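Residue-level structure breakdown
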Protein chains: 2
Amino acid sequence: MPRIGLDLTILLQAAAEIADTQGIEGLSLATLAKKLNVRTPSLYNHVDGLPGLRAKLSVYGLEQLHAKLTDAAVGRSGDDAIRAFGEAYIAFARSRPGLYDLTLRAPDPHAPEVVQAGKKLVDLLVRLMNGYGLENDDALHAIRGLRSVLHGFASLEQKGGFGLPLDLDKSFRLLLDAFLAGIHTIRSKAPVDGGQP
Amino acid sequence: MPRIGLDLTILLQAAAEIADTQGIEGLSLATLAKKLNVRTPSLYNHVDGLPGLRAKLSVYGLEQLHAKLTDAAVGRSGDDAIRAFGEAYIAFARSRPGLYDLTLRAPDPHAPEVVQAGKKLVDLLVRLMNGYGLENDDALHAIRGLRSVLHGFASLEQKGGFGLPLDLDKSFRLLLDAFLAGIHTIRSKAPVDGGQP
DNA sequence: TTAATATAACTAATGTTATTAGTTTTTGCA
DNA sequence: TGCAAAAACTAATAACATTAGTTATATTAA
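Residues numbered from 1 in each chain as written. Chains lettered and ligands numbered in written order. Predicted model: local features only at pLDDT ≥ 70, side-chain atom pairs only at ≥ 80, totals over all residues. Heavy atoms only, no water.

If you look chain A up in an unreviewed UniProt entry, it shows as TetR/AcrR family transcriptional regulator from Paenibacillus hemerocallicola.

Here you go:
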């Protein structure tokens, strides 16, 4: 019945592209409308204003991230799985900086959709940690730690927080190794898959 | 000679207060002017527009953070120093969320003032790491790791990334312990070029 | 095939904010 | 006392988000 022009998916992809290239501040209804050859108010037929756009993008980004992470972790376990997870996480943040940023900037982080998309990520991590030998609260604390490590590194890298001319990949590998070694120590057990090289 | 009304320090304190309470998005020239009982254009006599305000606030925040961290670390060494540093870091991020956010959101992270304020922080950490037994690149990688851990935790906590009802302080202690244990392991292993596959 | 309807996209209008230009006012010093 | 510097002001403009109300088109039903 309607005039079928736009489509929510196309709209979100275009918005994500703007966020990735112009930064999150550069994503406005005006720039998005221009990119889509449409007048600004037309966007209101698809999203609930700028906050609504950002909310949908957050979920969209979380889903994309989850897909990449699942892909990386599947078929692996122990340190191996966590390293693959970590590398995929950083790779996503690097390749889609704006979209990654959005995943942590939902207008309302307690909105059901955002919470659920985030939960899927945590669930994936819980499975990894369980297979790793960590259960219940131990697993949850470890998950918070890993997320801190990964988000902290990705965020600082993106924001230019690392000024010095020092190999970033090496810094990241060392950080992840340190975290894994620390988890092993805390757990007071032998590494599941043989530990560090 | 001039009409002495405002003062850059007062202005920055007011701006930081807005950022801390309303969030960084709530800090506009309009809200700041209202808080100071002044018309918006008057602010241009003190800062170079909104970007200029943010730039000055970034430096201001970095200085405040540096002061707290120095205070916490002085007189300590080893793990003790790093734990105190980490706790002070998190405490600052919690007590001044907006200002902390600003420290990593300079309009131009490569501006000399921002770079220098950041460098003071790194210098402090270099001293800690040296006293800890880590030198040169090893120290720099460890510093990047520690900053990632601290910023990641602070950022996720602030953005509501930790949804579950689990003791945050315990999560943080465990994370820091894991990182420190990991650093110990790495340090005792391959100091010079500890290459991964 | 045609008419009705739902809805996408539009124009017009309003309010907020940032910013610039130009004016007024006040303070400190000659 | 008067002058110059600079802070604060008014006025004006542009960009953006948002709302209200209109137009046009695609699908469905007659």
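Counting secondary structure elements, chain A contains eight helices and zero strands. In terms of principal-axis extent, the alpha carbons of chain A reach across some 60 × 40 × 25 Å. Counting over 197 residues, chain A shows a buried share of 51%. For chain A, the exposed area adds up to about 9400 Å²; of that, 52% sits on carbon and sulfur atoms. Counting 22 positive and 22 negative side-chain charges, chain A places the averaged centre of each group 5 Å from the other. (Helix = DSSP H or I, 4+ residues; strand = E, 2+ residues; numbered from the N terminus. Buried < 20%, exposed > 50% of the residue type's maximum accessible area, 1.4 Å probe, protein only. Areas by Shrake-Rupley, 256 points an atom, 1.4 Å probe, with all protein chains shown as cover. Lys, Arg positive; Asp, Glu negative; His and termini not counted. Charge placed at Lys NZ, Arg CZ, Asp CG, Glu CD.)

Another point: the packing of helix 7 (residues 136-158) of chain A against helix 7 (residues 136-158) of chain B. Look at helix 7 of chain A against helix 7 of chain B: their axes get within 7 Å of each other, and the N-to-C directions meet at 100 degrees. By the angle between their axes, helix 7 of chain A is roughly perpendicular relative to helix 7 of chain B. Across from Arg 147, Ser 148, Val 149, His 151, Gly 152, Phe 153, Ser 155 and Leu 156 of chain A in helix 7 of chain A, the residues of helix 7 of chain B making contact are Arg 147, Ser 148, Val 149, His 151, Gly 152, Phe 153, Ser 155 and Leu 156 of chain B. Here the contact of helix 7 of chain A with helix 7 of chain B is composed, by residue class, of six nonpolar, eight polar and two charged. (Axes fitted to C-alpha atoms, helices over the stretch in contact; angles between N-to-C directions. Parallel < 35°, antiparallel > 145°, perpendicular 65-115°, else oblique. Contact = heavy atoms within 4.5 Å. Nonpolar A, V, L, I, M, F, W, Y, C, P; charged D, E, K, R; others polar.)

Under the defined criterion, the tally for this structure stands at 16 salt bridges over all chains. Residue Asp 20 of chain A is joined to Arg 96 of chain A by a salt bridge in which the shortest nitrogen-to-oxygen separation is 2.7 Å. Taken together, the residues Asp 20 of chain A in helix 1 (residues 8-22) and Arg 96 of chain A in the loop between helix 4 (78-95) and helix 5 (97-103) connect sequence positions 76 residues apart. Overlapping salt bridges bring together Glu 25 of chain A together with Asp 101 and Arg 105 of chain B as one network. (Salt bridge = Lys/Arg side-chain N within 4 Å of Asp/Glu carboxyl O.)

Below, the discussion takes up the nonpolar core. One finds Phe 85 of chain A together with Phe 85 of chain B to be the most contacted residues of the largest nonpolar core, which totals 131 residues. Ranked by residue count, the leading element in this core is helix 7 of chain A, at 10 residues. Excluding anything up to four places from it in sequence, Phe 85 of chain A contacts Leu 69, Leu 121, Leu 124, Leu 125, Leu 128, Leu 146 and Leu 150 of chain A. (Core = buried A, V, L, I, M, F, W, Y, C linked by side-chain atoms within 4.5 Å.)

Another aspect to go through is the packing of helix 4 of chain A against helix 6 (residues 112-132) of chain A. Residues and elements named next belong to chain A. Packing of helix 4 against helix 6 brings their axes to within 8 Å, and their N-to-C directions diverge by 155 degrees. The angle between helix 4 and helix 6 places the two elements in the roughly antiparallel class. Crossing of helix 4 against helix 6: the hand is left-handed. Counted together, Gly 78, Asp 79, Ala 81, Ile 82 and Phe 85 of helix 4 and Leu 121, Leu 124, Leu 125, Leu 128, Met 129 and Tyr 132 of helix 6 form the full contact between these two elements. Counted by class, the contact of helix 4 with helix 6 contains nine nonpolar, one polar and one charged residues. (Left-handed = near helix turned anticlockwise from the far one by under 90°.)

The subject of this paragraph is the side chain of Thr 103 of chain B. Here Thr 103 of chain B shows up in helix 5 (residues 97-103). A distance of 2.5 Å separates a polar atom in the side chain of Thr 103 of chain B from the backbone oxygen of Tyr 100 of chain B. (Polar contact = N/O pair within 3.5 Å; in protein donor to acceptor, adjacent residues only side chain to side chain.)

Bringing helix 6 of chain A into the picture now. In an α-helix, one turn spans 3.6 residues; hence positions three or four apart end up facing the same way. Residue and element names in this part refer to chain A. The first and last C-alpha atoms of helix 6 sit 30 Å apart over 21 residues, in line with the 30 Å expected at 1.5 Å per residue. If you check which residues of helix 6 are buried, you get Val 114, Ala 117, Leu 121, Val 122, Leu 124, Leu 125, Leu 128, Met 129 and Tyr 132. Burial along helix 6 is one-sided: seen end-on, the buried residues are contained in an arc of 145 degrees. Among the exposed residues of helix 6, those oriented more than 90 degrees off its buried face are Pro 112, Glu 113, Gln 116, Arg 127 and Gly 131. After helix 6 finishes, the residue Gly 133 shows a positive phi value of roughly 105 degrees. (Expected span 1.5 Å × (residues − 1). Arc of directions from axis to C-beta.)

Listed per partner, the contact involves 41 residues of chain B and 40 residues of chain A. Approximately 3900 Å² of surface area, both sides summed, lies buried where chain B meets chain A, with 64% of it carried by carbon and sulfur atoms. In this structure, the connection of chain B to chain A is made through two salt bridges. The interface formed by chain B and chain A holds 12 residue pairs in polar contact (both at pLDDT 80 or more) in total. At the level of elements, helix 7 and helix 8 (168-189) of chain B are the ones that each hand at least two residues to the side of chain B that touches chain A. For the side of chain B that touches chain A, the element with the most residues is helix 8 of chain B, which contributes 14 residues. Residue composition of the side of chain B that touches chain A, by class: 19 nonpolar, 11 polar and 11 charged. (Buried area = accessible area lost by both parts, 1.4 Å probe.)

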